[in-house]
Amino acid sequence: MTDASANDITAIRELFTEYTDAWAANDAARIAGFWDRSDPYPLYKAEEIGHFLTDWSAIFDYWEVNEQLHETIRLRFSKFNFKPLNRAEVMVTAHMRWDIRFALDAALPDGTPFMHRGKAMGGDNHVLALIRKTGGAWKFAAWSETPDAPITYVRRLYEKSARLD
């Protein structure tokens, strides 16, 4: 890697580990602390929403709604790839395994009961994140979660479910 040192890569991996811990704590304010909030043009895309969030207010609202919906959330990141863009920015790809249990009393912001309340779900995504060094620390600057196409995802589920010994 020409522009990112081994120390930088270690620090970026640690950023993902600490970010995982913030999500496990189910704390929107703590999650926000991992982001370069000085950036006037944030990009955030979770797989379950149909568009990119492009302003901090919408992103904070998304995290705060999740804080109310989740009882337990566990993220695991693996299969990292790093593409240095310059000394202060690195594009990172990673595999993300997610598992969530929704709260029994989960409700949407309008008070409507959340249709998945009390249920557990899990899945696999690919993450593309822009990581920026700001104030001596690495922070997230952009994020996109991408699941596989349904036909590919369902095929893998069938393959994992086969019990032929």
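Throughout what follows, the structure given in this document is the object of discussion. (Residues numbered from 1 in each chain as written. Predicted model: local features only at pLDDT ≥ 70, side-chain atom pairs only at ≥ 80, totals over all residues. Heavy atoms only, no water.)

With that settled, the discussion passes to a nonpolar patch on the surface. A contiguous nonpolar patch, built from Val154, Leu157 and Tyr158 and spanning about 320 Å² of accessible area, is present on the exposed surface. Examined against the element boundaries, Val154 turns out to sit in helix H4 (residues 150-161). (Patch = residues over 30% accessible without salt bridge, like charges linked within 9 Å, V, L, I, M, F, W, Y side chains within 5 Å. Areas by Shrake-Rupley, 256 points an atom, 1.4 Å probe, with all protein chains shown as cover. Salt bridge = Lys/Arg side-chain N within 4 Å of Asp/Glu carboxyl O. Helix = DSSP H or I, 4+ residues; strand = E, 2+ residues; numbered from the N terminus.)

Let us now look at the pattern of salt bridges. All told, the structure shown has 10 salt bridges when counted by the stated rule. Ionic pairing is found between Asp39 and Arg132, a salt bridge with its closest N-O pair at 2.9 Å. Here the residue Asp39 occupies a position in the loop between helix H2 (28-32) and strand S1 (43-45), and Arg132 occupies one in strand S4 (residues 120-134), the gap between them amounting to 93 residues. The salt bridge involving Asp124 is made with Arg97; its shortest N-O contact spans 3.3 Å. Pair noted here: Asp124 is in strand S4 and Arg97 is in strand S3 (residues 89-102), with a separation of 27 residues, a long-range link. A relative accessible area of 22% means that Arg97 is categorised as partly exposed. By sharing partners, the salt bridges in this structure join Arg74, Arg76, Arg97, Asp99, Asp124 and Lys160 into a single network. (Buried < 20%, exposed > 50% of the residue type's maximum accessible area, 1.4 Å probe, protein only.)

Its place among the elements puts Lys133 in strand S4. Ignoring any residue separated from it by four or fewer positions in sequence, one finds Lys133 in contact with Asp8, Ala88 and Trp138. (Contact = heavy atoms within 4.5 Å.)

For the rest of this paragraph, the subject is the environment of Leu15. Positionally, Leu15 belongs in helix H1 (residues 6-24). Residue class for Leu15 comes out buried when judged on its relative accessible area of 5%. Expressed as a C-alpha distance, the spacing of Leu15 and Phe34, which sit 19 residues apart in the sequence, is 7.7 Å. The contact partners of Leu15, leaving out residues within four places of it in the chain, are Phe34, Ile131, Trp138, Lys139 and Phe140.

Attention shifts here to unusual backbone geometry. Most of the time, phi is negative for any residue but glycine, and the peptide bond is trans. A positive phi angle is found at Asn26, which is not glycine, with a value near 60 degrees. Here Asn26 lies in the loop between H1 and H2. Even without a glycine there, the phi angle at Lys79 is positive, about 55 degrees. Its location among the elements puts Lys79 in strand S2 (residues 70-86).

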